[in-house]
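# A look at the structure
For reference, the chains in residue letters:
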Amino acid sequence: MSLDKAFERVTRIFNPADVQVSKCASIIKPKVVATMIKKSKHPVLITGGKLLEDERLVDFVVKLHEKTGMDVIATGGSSRPLIERGVEPVATVFTLHYVTQYLTDPNWKGFDGKGNYDLAVFIGFTAPYYLSRMLSALKHFSRVNTISICEYYQPHAKFSFPNLNEDLYYEALNMILEV
Amino acid sequence: MVMDLRDGFIVLDEMRNVTIRIGKVIEEDEWEPMGPTPKPHILDLRYWDQKLLERYEPFYAPMQDFCNLCTMGPCELSHNKEGACGIDLKTQKARLVVLACLIGASSHTAHARHLVHYLVEKFGRDHPIDLGNNVNIEAPNVRLVFGIRPKTIGDLETVLDYVEQELVRVLHTLHTGQEESYLDYESKALHVGMLDHVAMEVADIAQVAAFNYPKGDPDAPLVETGFGVLDLNKPVILIIGHNVLPARNIVDYLEEHGLENEVEVAGLCCTAIDTTRYDPKAKIVGTLSFELRAIRSGIPDVVVTDEQCIRADTLRECSKMGIPVIATSEAASRGLPDRTHENPDVIVEDLVSGRAKGVLIRDPDKVGEIAVRVAIEVRKRKGRKEPFMSEEELKAEVQKCTGCARCVFSCPHNLRIDVAMQHAKKKGDFSKFREIEPTCIACGRCEQVCPKGIRIVDVIMKSSLDQLKSKTGKSRAGRGPIQDVEIRKVGQPIVMGTIPGVIAAIGCPNYPRAREELGQIVEEFLKRRYIVVTSGCHAMDLGMYTDEEGKSLYEKYPGSFDAGGLVNVGSCVANSHISGAVIKIAAIFAQRPLRGNYAEIADYILNRIGAVGLAWGAYSQKAASIATGFNRLGVPAVVGPHSTKYRRAYIGKYWKKEKWWVYDIKSKKKIPVEPAPDALLVCAETKEEAIVQLARLCIRPADTYLGRQIKLTHYIELSQKYLGCLPDDWHLYVRTEADLPVKMRDQLLKILEDEHGWKIDWKNKKILEGPIRQYDAGFNPTLVEHVYEKYTGEKIIR
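Residues numbered from 1 in each chain as written. Chains lettered and ligands numbered in written order. Predicted model: local features only at pLDDT ≥ 70, side-chain atom pairs only at ≥ 80, totals over all residues. Heavy atoms only, no water.

### Concerning empty space enclosed by the protein
All names here are of chain B. Taken as a whole and assessed by the stated rule, the structure comprises twelve cavities of 30 Å³ or more. By volume, the largest cavity amounts to about 330 Å³. In this structure, the largest cavity is lined by 35 residues; those nearest its centre are Ala 618, Lys 622, Ala 623, Ala 624 and Ala 627. The residue inventory of the lining of the largest cavity, partitioned by class, reads 24 nonpolar, nine polar and two charged. (1 Å grid on protein atoms, 1.4 Å probe; cavity = no way out; pocket = protein on both sides within 12 Å on 5 of 7 lines; lining within 4 Å. Points joined across faces, edges and corners; volume = space filled by probe spheres on them. Nonpolar A, V, L, I, M, F, W, Y, C, P; charged D, E, K, R; others polar.)

Structure representation (structure tokens):
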């Protein structure tokens, strides 16, 4: 299957029972991800523990950070491989749970003191159900735009990649970098 | 005249038709003045909850964004909209959290009631609660909440009367049209959590006192643990659940008939732990996630179920394997006919012949004979089959796979079963199943959706059989309470911080990854000489975590409540000994009165005792309730990622400086403090993250400089080891240069100066300006006004 077709077909939720009545995430194409990051005033990339076991994800985050200058909040221990590759995350010790709680507070100044973020991009979480819960909190209790570029479709993000097999997934990530 | 009151009735001769009935009489000597909140009702500790909730703001992650509990609905509540009754999404989520806690606490309370009722019948109300010479504070939770010092089993009935009444009152508040603030529902959840610890304590001290379990013994026997420990040459009785009564009767029957070496008695879940406390020759097969593994293996000759955490398809699964089932609980009667009062010979024959797939035997004292006789007869008739399936069947099953990946999407862990299937199908290599097995909780959801009907769980287990069998080790039998003498020894170092923390690894086996990760987390802290306490499924899985020589952590670390000790307190209900231990520290070391004095003790614990829970695989409503009870007591918990499905966490915001303050009893001032701990319930994604969070959440405002130095040393070292850098917030916990790790002092002072703008006197290497507050050796923090007023003699103008 080509990448284009993968983004056009109906996608499944990572868990068919994780259903809500509010709108499910719109499928987002890599080029649009890149555009949204570019247009955002205060974006942040939030990384998860899968980076500890997937060098290609680390490569991607390093390149995206270099290309966009977007701040990285590293959770789940993902800071270690990123720091080894020269990325300095703006936060390393706060779990995704903490970070989501902070994001739901409109008065939070962000880790850089510039105010709450207007766009949060999520990548590399070992547990899709964990990210799903956090995206649900952000959907209902915050105004932050959320994009999941994980391998599973995340219904509670505002925008999400569809489910992608391994090859297509890395192809999609590379396309973000190419824009 | 002093009347000697006893239960019973008095007839007054002069008033012929008047009878005065005296119910229960609890004789209480004046052992301690009564505190402000004995037998607290729903709102009595709301002021304490509001202190906690002000700091630790509830965080909601909805599973659903609708409510369908009444007929005005279903109502769409997304984006915090209000439903037809006026409730908003946050409040509805808080309401569901209360419901979860109620389910959990009711389970323990009903369990306690059953035990106490049974024990009163068997041993009488006057049976003493004797937990051994070294346990004088026998029931710290009961003393603290209810306000009595129970001396007999009969005294516990009154405690349960109170708990049951409160649980019903809270349940009432969940009806449509009640609370409109999520904070009020959170206060109720905290109330239920507190009651849960009381009920658990009642259950456990009753069974310890009556059944002569280990009484705080650090050298409680080691018991065999793991899927591979069963002697398959003997009939096997497998007992599943949480209530020891039927299991005890089985053990007694075997002994009475000289059969104790002829039949294997093995347990799953907390019944396993409590059976080994009664008889260390019994064996622990494993946790909840081993239920389907054990049944599908065909190894048991009879399965006995009691209550809680038993798969709801146990009878169906056992029937497929030809294993008779004996249900014993009103809570889980499994659709079986009640044959409690029938002739055992007939029941045994029906079960052995297969005429009956199972029976309900409500009297635990009748279970032993039937279970033993059935096991022996079934074993004789059925012989032994290959576990799970034959090699030929295994190959045939994987050939059916089309790679549709429905199994992956239904798996709670999204395990790549499809990849393992295709790998086996195309290459004949089953190794990928062995990679999956340690994470698989054997829930069977994958089989429900497989269009080809592949027996996926059996395929995974058959492919991993050697691995499964080799996961054996030794657990230490649950020792019950922590001794008062142990508390005397460690109370001061824990409060001062020189023992860096108490890590309580408790809860269920719904881990995010392989079971081994739990052992890795715990061992990190044992090596660093934290005290590690454990219970329930975590305690069992630690028994299967072994080194190259096959030794488990229980064999490598002492069972004492001391630095570097690994303490298995027992089953779920024994968690009350962990909350009891932190309560006892306040009572024994700090001489704080316990009786009906909840808020003062919880405040003491929150500010001084670096105890943190680790529920790495929590799944149940009981776990929700237990954790919430710890939270009200001032003990934070780190949970695994599945626990975000409980929907609610308590997470403070370190940057909101106005939220981080205490009254200092010494200086008589309200002063800012460091955000320690900054969460009461928070999730970690990976073991690396969990380890760092645990060390971080052990920090307390009242740490001495030496204690803070030790805690910061561990926190910083662990952050560097697992996160690759200094933690973001270490500077928040620095009050004086003496707080800093000695080896890093110059480096850290430089960072404080360069990155945080602190003023440093480099000649004397002293901090001149920068910390949230100055260190004061006499610092005596409290959040509670009446505690401040009690110890200063001054009124706070509110």
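### Structural notes on the domain arrangement of chain B
Residue and element names in this part refer to chain B. Domain assignment breaks chain B into domain 1 (60–211), domain 2 (221–471) and domain 3 (472–653 + 676–715). Between the C-alpha centres of domain 1 and domain 2 there is a distance of 31 Å. Contact residues are listed per partner, giving eleven residues for domain 1 and twelve residues for domain 2. Interface area for domain 1 against domain 2, summed over the two sides, is near 1000 Å², with a carbon-plus-sulfur share of 49%. Inspection of the domain 1/domain 2 interface yields two salt bridges. (Domains from an automatic or database assignment. Contact = heavy atoms within 4.5 Å. Buried area = accessible area lost by both parts, 1.4 Å probe. Salt bridge = Lys/Arg side-chain N within 4 Å of Asp/Glu carboxyl O.)

### Focus on a nonpolar patch on the surface
A cluster of nonpolar side chains, contributed by Leu 99, Ile 103 and Leu 171 of chain B, occupies part of the molecular surface with about 230 Å² of accessible area. Looking at the secondary structure, you find Leu 99 of chain B in helix H2 (residues 89–123). (Patch = residues over 30% accessible without salt bridge, like charges linked within 9 Å, V, L, I, M, F, W, Y side chains within 5 Å. Areas by Shrake-Rupley, 256 points an atom, 1.4 Å probe, with all protein chains shown as cover. Helix = DSSP H or I, 4+ residues; strand = E, 2+ residues; numbered from the N terminus.)

### Re the nonpolar core
Core analysis: the biggest nonpolar cluster contains 309 residues, and Ile 46 of chain A together with Ile 237, Ile 250, Ile 326, Phe 525 and Phe 561 of chain B have the highest contact counts within it. Take this core: its biggest share by element is 17 residues, from helix H5 (residues 182–211) of chain B. Beyond its immediate chain neighbours, meaning those up to four positions away, Ile 46 of chain A contacts Ile 73, Thr 75, Leu 96, Val 99, Leu 103, Ala 120, Val 121, Phe 122, Ile 123 and Phe 125 of chain A. Judged by nonpolar contacts, the second largest core, of 35 residues, contains Ala 34, Ile 123, Tyr 169 and Ala 172 of chain A. (Core = buried A, V, L, I, M, F, W, Y, C linked by side-chain atoms within 4.5 Å. Buried < 20%, exposed > 50% of the residue type's maximum accessible area, 1.4 Å probe, protein only.)

### As for the layout of surface pockets
Considering only enclosed or pocket space, the largest pocket measures out at about 1500 Å³ in volume. Lys 50, Glu 151 and Tyr 152 of chain A together with Asn 414 and Arg 416 of chain B are the residues nearest the centre of the largest pocket, which is lined by 48 residues in total. Secondary-structure elements contributing two or more residues to the lining of the largest pocket are helix H3 (55–68), helix H6 (128–141) and helix H7 (166–178) of chain A together with helix H13 (406–410), helix H14 (417–427) and helix H15 (431–436) of chain B. Here the lining of the largest pocket is built from residues that sort into 24 nonpolar, eleven polar and 13 charged. Each of domain 2 (221–471) and domain 3 (472–653 + 676–715) of chain B accounts for three or more of the residues forming the lining of the largest pocket. Counted as a void, the second largest pocket has a volume near 1100 Å³. When contributions to the lining of the second largest pocket are tallied by element, the ones reaching two or more residues are H6 of chain A together with H2 and helix H25 (621–632) of chain B. Sort the elements by how many residues they give to the lining of the second largest pocket and H2 of chain B lands first, with five residues.

### A word on the interface of chain B and chain A
Taken together, the contacts link 62 residues of chain B with 53 residues of chain A. For the pair chain B and chain A, the summed buried surface comes to about 4500 Å²; carbon and sulfur atoms form 58% of the total. At the surface where chain B touches chain A, the tally comes to three salt bridges. Measuring nitrogen to oxygen at the nearest pair gives 2.8 Å for the salt bridge that ties Arg 513 of chain B to Glu 53 of chain A.

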